[in-house]
Each structure stands twice: as structure tokens, then as C-alpha cells.
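Take a look at the letters that make up each chain.
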Amino acid sequence: MSKNKTAAPAVIPAHIAIIMDGNGRWAKKRLLPRTAGHKAGFDNFVSTVNECARIGVSYLTVYAFSTENWQRERDEVDELIRLMNNGITKYMPEMIENNLRLRILGDLSMFDTDSQDMLKNSVQTLSGNTGMLLSICISYGGRQEILQAVNRLLAEGRQNITEQDLASCLYSAGIPDPDLIIRTSGELRTSNFLLWQSAYSEYYFTDVLWPDFKKDELHKAIESFATRSRRFGK
Ligand code: FPP
């Protein structure tokens, strides 16, 4: 095994979800603009996706941009969108090489048509792959996701709906619920992330800021998950 390839943890959650928080504070500590924090955050996102694929995670879901994030300063929002567009385009060859599949969860209609086209084309390009499914939550909110599902069912005239009916109308339809949800940067809340899907997820909170959440920290989170006893309410 080469030097920089640490062994994979013994127990690997099938689905890991991550709230990538703390880019702004990471930049502030270094007297850098917030956008530098997001750039470092994107680079760490790429490393984390590659590491998850390497150790055999089947599903990785990340919270990149919430419905509430539209209320940030226009400059910061524009920079995040630019970072997403340029970053995903640049990362595409590596995603192809790593056999990744891609889903975008959220309200894409909020984006300009160029961004929407880039996202749709990226999903399409990777659609024939068979490896880890990366889901990026963009313009995403858990309540909004549940509401649009309910409204779809109402529009179809459905009554007495089941949990399966509702789950099949969520953005995440077909993706198993997350086993482990990680939140970085010391905040102890879920911030509207995967509200329905997280009913029995294990949480891991760490003070480490997202751009510093490297491979060793990811392995620590997975090792903590391996010690949990999951009873699913039974
Ligand atoms: C939270 O940090 C982070 C965000 C709002 C953006 C997350 C985006 C990335 C990590 C880049 C990856 C992007 C894509 C498209 C995959 P914050 O700004 O709230 O930090 P703070 O709480 O320290 O101010």
C-alpha cells in the first residue's frame, strides 16, 4: 500500500451525508475573504468525495447551498455559484475516472439557465457509471423538499398516502436514508438538512472546520459510527 493511502476503516456506512460548515470561520482565522474559505471548502469537498469512493462508501450526500443561503450578500452568493460551476466542470474528468454517479437535490429553477444546463449535463455524463452516487444538495431545504412532495401528491389527487408514497416524491427518491450524518465546525443543529431521511441516522459533530476536515477526520467519524448500536426504535 502506498504511503498516503491509509487503510479503510473496518465498518463503512453505506450512506454518509455531510453538512460542510465553517468555511467563513476558516477564512477569518487566516484574515482571508470568505470566498477563500469556500474555495478551500470546495477543494476539501473534492478530496472527501475521492476518499469516500476509495474506501467503498456507496452513497455520499453533501449540503452545498441551502434555500436560506440565497439571503447571503449577493457577492458571496455569486461567488458560490461561480465556484460550483467552475469547480464541477473542472472536477468532471476525475468523477468519470472514479466511476461516480451524480444527483442534484434541490430547487434548480432558482439558478440561471447556464448553471442549470451545466448541472443537468454533468448528471447525464455520469449516468452510465456504476460507482458511488454523489448527491449534491443545492438550493435545498428539508421542509421545502417535503412540501413539494406533498403538493405533487395533492396535484395527483392522492389520498391516504403511505411513507413510501411520500419518500418516492422527495428529491432523494430511490436513495437509501443516510446511516451517518456529519456536521463540521462545532454547530449542534441539523439546519433543515434531510429532515425526512434522517429519522434514524447517527450524527457525528466535530469542532473541526470544513476545509480542515481531512481524511483522518473522516475516518474518525466513521470509526465513531462503528461503535454505535442502532436499534431503529426497536
Ligand atoms: C458553510 O460555511 C458552507 C457553505 C454555505 C457553502 C458550502 C460549500 C462548499 C463547501 C463548497 C462545495 C461546493 C459544492 C458546489 C459542492 P459558512 O460560510 O456558513 O461558514 P461559517 O459558518 O464559518 O461562516
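Along every chain, residues carry numbers that run from 1 in the direction the sequence is written. Owing to the predicted nature of the model, reporting of local features is limited to residues with pLDDT of at least 70; listing and counting of side-chain atom pairs is limited to 80 or more, with chain, interface and lining totals taken over all residues. The basis for every side-chain value is the complete set of heavy atoms in the structure, and neither hydrogens nor water enter the calculation.

Our focus in this paragraph is the side chain of Ser198. Secondary structure is summarised from DSSP: a helix means a run of H or I of at least four residues, a strand means a run of E of at least two, and numbering begins at the N terminus for each. Locating Ser198 in the fold gives a position in the loop between β5 (180–183) and β6 (202–205). In this structure, Ser198 is in contact with Ile181, Phe193 and Tyr203, ignoring residues within four places of it in sequence. Two residues form a contact once any of their heavy atoms are found within 4.5 Å.

Here we take up the site of the ligand. Whether a residue is near a molecule or strand depends on its heavy atoms: if one lies within 4 Å, it is near. What surrounds the ligand is a group of 17 residues, the closest being Gly24, Arg25, Arg34, His38 and Arg72. Polar contacts, as counted here, are pairs of nitrogen or oxygen atoms within 3.5 Å of one another; within protein the pair requires one atom able to donate a hydrogen and one able to accept it, and residues that are adjacent in sequence qualify only if both atoms are side-chain atoms. Between Asn23 and the ligand, the recorded distance is 3.3 Å, taken from a backbone N or O atom to an oxygen atom. Method for areas: the Shrake-Rupley scheme with a 1.4 Å probe, in which residue coverage is limited to the protein chains shown. A total of 620 Å² of accessible area belongs to the ligand in isolation, and the protein chains cover 90% of it. Elements with a minimum of two residues in the shell around the ligand: α1 (23–29), α2 (34–55) and α3 (74–97). Ranked by residues supplied to the shell around the ligand, first place goes to α2 with 5 residues. The classification used treats Ala, Val, Leu, Ile, Met, Phe, Trp, Tyr, Cys and Pro as nonpolar, Asp, Glu, Lys and Arg as charged, and all other residues, Gly among them, as polar. Taken together, the residues of the shell around the ligand break down into 7 nonpolar, 6 polar and 4 charged.

With respect to the helices and strands, the residue Thr48 is situated in helix α2. Accessibility here uses a 1.4 Å probe with only protein chains present; expressed as a share of the type maximum, an area under 20% marks a residue as buried, one over 50% as exposed, and anything in between as partly exposed. Overall, Thr48 belongs to the buried group, its relative accessible area being 7%. Taking the C-alpha atoms as reference, Thr48 lies 23 Å from Leu32; in sequence the two are 16 residues apart. Setting aside anything within four residues of it in sequence, one finds Thr48 in contact with Ile18, Trp210 and Phe213.

On to the pattern of salt bridges, then. Salt bridge criterion: a side-chain nitrogen from Lys or Arg within 4 Å of a carboxyl oxygen from Asp or Glu. Inspection of every chain in the model, using the stated rule, returns 16 salt bridges. With a closest N to O distance of 3.0 Å, Asp21 and Arg183 form a salt bridge. In this pair, Asp21 is assigned in the loop between β1 (15–19) and α1 and Arg183 in strand β5, connecting sequence segments 162 residues apart. Summarising the burial analysis for this pair, Asp21 and Arg183 share the class buried.

Burial runs high along β1: 5 of the 5 residues are buried. Judged by which residues are buried, β1 turns out to be covered on both faces: His15, Ala17 and Ile19 on one side and Ile16 and Ile18 on the other are all buried. Two elements, β1 and strand β2 (residues 59–66), share 5 bridges in a ladder whose sense is parallel. For Ala17, the partnering residue across the bridge sits in β2 and is Thr61. Strand pairing is defined by DSSP finding a minimum of two bridges between the two strands.

Bringing the sheet that holds β6 into the picture now. Read across the open sheet, the 6 strands follow the order β3-β4-β2-β1-β5-β6; overall the sheet is parallel. The open sheet has two edge strands, β3 (101–105) and β6, and neither has a second partner. The mean angle between the axes of side-by-side strands here comes to 20°, regardless of whether they run parallel or antiparallel. Pairing analysis gives 4 bridges linking β5 to β6, with the strands arranged parallel. Axes here refer to lines fitted to C-alpha atoms; in helices the fit is confined to the stretch in contact. Angles between the N-to-C directions go from 0 to 180 degrees.

For the pair α3 and helix α4 (residues 113–125), interaxial distance at closest approach is 11 Å and the crossing angle is 15°. With respect to their mutual orientation, α3 and α4 come out roughly parallel. In terms of crossing hand, the pair formed by α3 and α4 is left-handed. Residue-level contacts link Ile81, Met84, Asn85, Ile88, Thr89, Met92 and Ile96 of α3 to Ser115, Met118, Leu119, Ser122 and Thr125 of α4. A per-class count over the contact of α3 with α4 returns 7 nonpolar, 5 polar and no charged. Roughly parallel means an angle under 35 degrees; roughly antiparallel, over 145; roughly perpendicular, 65 to 115; everything else is oblique. Two helices cross in a left-handed way if the nearer one is turned anticlockwise from the farther one by less than a right angle. They cross in a right-handed way if the turn is clockwise.

Moving on, we get to the environment of Phe225. Residue placement: Phe225 occurs in helix α7 (residues 215–226). Placed 206 residues apart in sequence, Phe225 and Ile19 show a C-alpha to C-alpha distance of 16 Å. In this view, Phe225 contacts Val11, Pro13, Asp179, Leu180, Glu202 and Arg230; residues no more than four positions away in its chain are not counted.

What follows is about the packing of aromatic side chains. Each Phe, Tyr or Trp ring (for Trp, its six-membered ring) is paired with any other whose centre lies within 6.5 Å, and the angle between the two planes then decides the class: stacked below 30 degrees, edge-to-face above 60, tilted in between. Evaluated as defined, the whole model comprises 12 aromatic pairs. Consider the rings of Tyr63 and Phe193, whose centres lie 4.6 Å apart with planes at 15°: the pair is stacked. Note that Tyr63 is positioned in strand β2 and Phe193 in the loop between β5 and β6, a separation of 130 residues in sequence. With relative accessibility at 1%, the residue Phe193 sits in the buried group. By the ring-pair criterion, three or more aromatic residues cluster together here, those being Tyr63, Tyr140, Tyr171 and Phe193.

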